[in-house]
4 protein chains.
Amino acid sequence: MGLGVGLIGSGYMGKCHALAWTSVATVFPDVHRPRLVALADATSELALQQAQAFGFSRGTGDWRDLISDPAIDVVSIAAPNQFHAEMAIAALESGKHVWCEKPMATSLEDSTRMLDAARRSGRTAILGYNYIQNPMIRHARTLIAEGKIGIVNHIRLEMDEDYMADPAEPFYWKSEQRSGYGALDDFAVHPLSLLSVLHGRITSVVADMAKPYSERPTRDGGRRTVENHDIAQALFRTDTAASGVLMVNRSAWGRKGRISLQIFGSKGSILFDQERMNELQIFSTNDPTNLQGYRTILSAPDHTPYRQFIPAPGHGLGFNELKVIECYELLQAISGSRGAHVIDFERGLEIERVVHAMAQSAQDGKWVDV
Amino acid sequence: MGLGVGLIGSGYMGKCHALAWTSVATVFPDVHRPRLVALADATSELALQQAQAFGFSRGTGDWRDLISDPAIDVVSIAAPNQFHAEMAIAALESGKHVWCEKPMATSLEDSTRMLDAARRSGRTAILGYNYIQNPMIRHARTLIAEGKIGIVNHIRLEMDEDYMADPAEPFYWKSEQRSGYGALDDFAVHPLSLLSVLHGRITSVVADMAKPYSERPTRDGGRRTVENHDIAQALFRTDTAASGVLMVNRSAWGRKGRISLQIFGSKGSILFDQERMNELQIFSTNDPTNLQGYRTILSAPDHTPYRQFIPAPGHGLGFNELKVIECYELLQAISGSRGAHVIDFERGLEIERVVHAMAQSAQDGKWVDV
Amino acid sequence: MGLGVGLIGSGYMGKCHALAWTSVATVFPDVHRPRLVALADATSELALQQAQAFGFSRGTGDWRDLISDPAIDVVSIAAPNQFHAEMAIAALESGKHVWCEKPMATSLEDSTRMLDAARRSGRTAILGYNYIQNPMIRHARTLIAEGKIGIVNHIRLEMDEDYMADPAEPFYWKSEQRSGYGALDDFAVHPLSLLSVLHGRITSVVADMAKPYSERPTRDGGRRTVENHDIAQALFRTDTAASGVLMVNRSAWGRKGRISLQIFGSKGSILFDQERMNELQIFSTNDPTNLQGYRTILSAPDHTPYRQFIPAPGHGLGFNELKVIECYELLQAISGSRGAHVIDFERGLEIERVVHAMAQSAQDGKWVDV
Amino acid sequence: MGLGVGLIGSGYMGKCHALAWTSVATVFPDVHRPRLVALADATSELALQQAQAFGFSRGTGDWRDLISDPAIDVVSIAAPNQFHAEMAIAALESGKHVWCEKPMATSLEDSTRMLDAARRSGRTAILGYNYIQNPMIRHARTLIAEGKIGIVNHIRLEMDEDYMADPAEPFYWKSEQRSGYGALDDFAVHPLSLLSVLHGRITSVVADMAKPYSERPTRDGGRRTVENHDIAQALFRTDTAASGVLMVNRSAWGRKGRISLQIFGSKGSILFDQERMNELQIFSTNDPTNLQGYRTILSAPDHTPYRQFIPAPGHGLGFNELKVIECYELLQAISGSRGAHVIDFERGLEIERVVHAMAQSAQDGKWVDV
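All values reported here derive from a predicted model rather than from experimental measurement. (Residues numbered from 1 in each chain as written. Chains lettered and ligands numbered in written order. Predicted model: local features only at pLDDT ≥ 70, side-chain atom pairs only at ≥ 80, totals over all residues. Heavy atoms only, no water.)

> Explain the relation of the copies chain D and chain A to me, and be specific about the residues and the numbers.
Of the two same-sequence chains, chain D is brought onto chain A (RMSD 0.0 Å, axial shift 0.0 Å) by a rotation of 180°. With respect to symmetry, the two chain copies, as superposed, fit the operation of a two-fold axis. The position closest to the rotation axis in chain D is occupied by the C-alpha of K366 of chain D, lying 2.6 Å away. Of all interface residues in chain D, 98% are interface residues in chain A too; the two copies therefore contact each other through one and the same surface. (Least-squares fit on C-alpha atoms with pLDDT ≥ 70 in both. Contact = heavy atoms within 4.5 Å.)

Now the structure itself:
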């Protein structure tokens, strides 16, 4: 019989988790169908409605009900960021496995406490860095590991969207200081999670953060100062002596879900853009000179685990399906597989440290070691 | 309570149906969660195993068990093409709704009988033309209907894959005459289904069919003559006086899931390629002259029903999710919605007629009226 | 000392010829700088002005002056199509070499007479099919000839622009019957010239021609019936047993200089689009399975004769530079090189025959042998 | 009568200048055909040969012959970088106009002396930043100036090639310290020249430089330490309060002539890549919401001065033709036109200052004001 699942939060990412829990056993034949035990949300009314919509047996307005429910083995945390630490630690201390959305927490202290709790519990605790689950990213990882582009020496990472690009958009909580640095923790963690699985660790950074709009209209007709930064960029070095650049911008008109990677090595290079998530580009000096050029590889059954979804190549996976793969990898990790392809709390904390180092560099105007 | 579902067939498309039935209520809040009653496959052993994997309550080696089960309201038919007619007619005559994979049947006679059965039954009967469910295709339909590209006057349709492209691939049933014309009924029906929802009806055709390889190796070391055509192309005219070209090729090295549309009108044009299914290109003379050019629209919440899957733009749907939308539209049709976006048996038969006219033209070497 | 050049016509293509004659010796070190002797145009006034602008020693209102000038060795014909035959034949009969813009002439009879004159004269006579001079097309020819995509079995050719796409554009001579078939001879000859150097000969065709707008406004406020066809398409077979499709449209909104080739073989395929004339795409089954995909080769010094223009790869040639290459190849042909990469009058006549066969098929509604 | 021209250097860029001087009057009707007076190169033998090839009246092994020749009005300097200052200053002091290839010189001191000489002389002195001449760049400038993307707030600039990417490539002068910083002065000046005409001035930078290969093989079988940096990146701020990133890499496998611009504003964004130099992409919030997306504008007669080359849109200019335009703009500047689109020595020095500030920042590890 499958694991018992509790889900906290039923918004954007909560629904995504629900879809993953619902689909994972249909997609992956070696998975026992999870039992959707309970869903928690802000009010019991909302929770009940969403539990019914998503196929959970019951709903509750108190997330602690899930923690204490012995029928629940694993807790999905898709609640607002400021609650991640408290929920994850409570769940782990109750012996639950934890699947927590990113970012890990809103402070390094909380993230560290979460990692401690995970270690003490002996339970599986992972973060929702779903972009690493893209079969094309995993293919890139294999190609890099096999030396197909030689020794990596330069990396460029970009993540851009435009949901904050309109200066007429009224001030809301995203622009408050207590929401964090802005683009740096909203976005930077994603390309950093990709880097984490693809190549090396960042050891030093120099960063800058910028505000495209220093103030925004308020709903009552006034103006309010924007407290964090929609744009950030950093130069970095890795433990493999590669140099690189990270750029994030949540006010980038025209960009909708761009996560662009450019990875250069001594024998070739690899390009990827999440807006065309079913494509991977590689340039290889192994090709005959007169045939060299970037080739576009389309996602296909050869690229694990695409085949579980579709047996034909080039038909395309979607964003939500990355979460289904993540769910599968979580189940692999819970069952003790060492090869599970996840960002656990340990790697998650490493990513957080890089983000905080960048923020500090932006403040101090000089290089900072991670 | 949701409808009771029976699924016949659990291969490629059967799994796709199972995923759709599993996910549809999670994605669409206005849907009652369907009950997965029974799954039928070639043997009861296989059926039991797949029923468990896909979350159906029971499995059976006899598809007629599903037809007679009063707990089942709707039957998904994802069995081999030659059984479509028998199964669909039986289901309809038992008062079930039918969701039948394409192609409708292996002969015009069978297709006609299916339509007759559907009409007699008063039940909903639709075909699995999932590509029409792409939000970008529906957006294209809206743009065309609104006159954004003016009066359509020229159309080019292509569908190409390469699963038959290797001449060393041994002869198998796909190359037998009894499997049909080849690329014409494997592929042509897909772009024709898109045309069916986008613009006009084909009224006359002149076609050609070709064999890239006249024979193939057999597994016992011999050679066998290929009996149908991996390549087909046709010129056509529509009832709206547009001219067009249809091209299909299942031996097209490099193409994996290409369905390319080029639709030209008096005020602009629209381009689409299923290999980049989250993009739609439009050229409009409404743009200022010095800003004219094809723009690439990324799939977004504005494009119905993308928002049900993801509230953020540009994140991308996958092939399988088109089936979830199709399932939703089927449920809309069953509940009596007139606006359901489906290819019912009536429109399906029209598509079949075009395919058969093309085959006849290829044989006779002259224009044929549909 | 270089050859003496006479140029007839100083419009769009005349200027292009002038640029080629001016640049060819600077680009190609093995060429003797041509002497720009005389330019002829409709009036002596215009001719004098253009002669000065383009660096010709003298200008004349009578093109026959060039024919009789012993200082002139080669005549560039960039005059309206209806004069091609008369001018080319006169030039050849006077012992001049001829570089004639396409199309060859306005009737098969004239084209045939031109070929006869060329044969009798023993002089070099070529047509201005400059697209074949693109280093990427020549690279494609090499790759196909080397078997890189195996045995070619399917071809799709498209040429589209939008200069006739606006229905409000007043009727002008391009829409008169005496200007020819329309898109068929305006455009079809170009992709056919590419096919001529890349692979095989067309042996039979079935074609259709269409009018997006049956009449157009006149400048005096009336309406006039359009007499030829802005759109044409044809299915074809080649002497190599390949099947194919040719599509041309001069009313295709959004297309500016598109000439798209798709060439499929038993081991790969090649794609090209003139709108991105410095790129060639190839898919090859020689690549390892998990690295297969279309690769984009950028024009580079390896692709003859790109190096003569730029020693660095990826910097890009332009449309006008194709004419410089054509001029060089003409000079090669004149100097007796057998390998000159040109469309001479013999191959030019073959192309014309295909066009006329298509027009006849469009009229008769059945297959026509070329 | 046209200006008398002297050309120093007949290699890669010397040939490019020669082509420009030869073609400029044919392309632009308002230009008097320049007289190609003399060409200087390292030896008189080479100079004579190249003078003949390029159509110059005479050749000389001593560049000072050109400076003293009263028949020469303007001197093209395409000699090695270390000679730029001496030659330019000598030419200016003799009353010649100067067209000097980039980079301006090999030290800030020399660049400053060049600017002083230019000011004293009252002659026109420009640098060979030909990428700014691309009609698409000029179109971008117009669109930005017209406010089509609103207030610019973020900029990303990349320039990458791979001519130093092979670690097996033997050590040569490009890797010596006396050749300069490496990628920073080889490449950075190009995107900086584009920024100079498009938007704002850089006021502060923090930079990093990296060596993908710390040593290279020598031709005698040994190894030699690489003395400068093939990779450089910098964060910057502009006088318009925009933030930005500059990235250059001459060891970037797969990149051939990439110069990528991403310019974001409060109402849209603009993208450009020199490898597709005939395309410009713009995203505009002026478009209706359901039609928003990046549109690709193809180069066309509307984009000055494309029309002078080709009257039809989408046919494409090449890299060499940018030099022809630059030559025309130089002539405009010489004739006193205030609107000439050139990088004169004053703006050239500004660019040099940014490069040197980046180099210093890379050394000091902190922000540097320009």
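Text resumes after the structure shown.
> Explain the confidence of the model for chain A to me, and be specific about the residues and the numbers.
The predicted model of chain A has a mean per-residue pLDDT of 97, with 100% of residues at 70 or higher. As a predicted assembly, this complex carries a pTM of 0.97 together with an ipTM value of 0.97. (pLDDT = per-residue confidence, 0-100.)

> Break down the interface of chain D and chain A for me, with residues and values.
In this assembly, 47 residues from chain D lie in contact with 46 residues from chain A. Summed over both partners, the interface of chain D with chain A comes to about 3,300 Å²; 55% of that surface belongs to carbon and sulfur atoms. On the chain D side of the contact with chain A, R156, L235 and W253 of chain D bury the most area, a combined 19% of that side's loss. Across the pair R156 of chain A and D160 of chain D runs a salt bridge, and its minimum N-O distance is 2.8 Å. (Buried area = accessible area lost by both parts, 1.4 Å probe. Salt bridge = Lys/Arg side-chain N within 4 Å of Asp/Glu carboxyl O.)

> I'd like to hear about helix α10 (residues 345-364) of chain C, residue by residue, with values.
Residues and elements named next belong to chain C. For α10, built from 20 residues, the straight-helix expectation of 28 Å at 1.5 Å per residue is met to within 8% by its first-to-last C-alpha distance of 28 Å. Of the residues that open α10, the one with a side-chain oxygen 3.1 Å from the backbone nitrogen of E346 is D344. After α10 finishes, the residue G365 shows a positive phi value of roughly 75°. (Helix = DSSP H or I, 4+ residues; strand = E, 2+ residues; numbered from the N terminus. Expected span 1.5 Å × (residues − 1). Polar contact = N/O pair within 3.5 Å; in protein donor to acceptor, adjacent residues only side chain to side chain.)

> Provide a residue-level description of the interface of chain B and chain A, including the pertinent values.
Contacts between the two partners involve 38 residues from chain B, matched on the other side by 38 residues from chain A. Contact with chain A buries surface across chain B, with Y12, T26 and H315 of chain B losing the most and accounting together for 19% of the total. One can count 2 salt bridges joining chain B with chain A. Inspection of the region where chain B meets chain A yields 16 residue pairs in polar contact (both at pLDDT 80 or more). Of all the secondary structure elements, the ones that give two or more residues to the side of chain B that touches chain A are α1 (12-27), α2 (44-54), α8 (306-309) and α9 (319-334) of chain B. Take the side of chain B that touches chain A: its biggest share by element is 9 residues, from α1 of chain B. Here the residues of the side of chain B that touches chain A are counted per class, giving 17 nonpolar, 13 polar and 8 charged. (Nonpolar A, V, L, I, M, F, W, Y, C, P; charged D, E, K, R; others polar.)

> An account of unusual backbone geometry is requested, with residue identities and associated values reported.
Residue P305 of chain C follows T304 of chain C across a cis peptide bond; omega there is -5°. Tracing the backbone shows P305 of chain C in the loop between β16 (294-298) and α8 (306-309). Phi at A241 of chain A takes a positive value of approximately 70°, unusual for a residue other than glycine. Within the secondary structure, A241 of chain A sits in the loop between β11 (231-238) and β12 (243-249). A241 of chain A gets classed as exposed once you look at its relative accessible area, which sits at 59%. (Buried < 20%, exposed > 50% of the residue type's maximum accessible area, 1.4 Å probe, protein only.)

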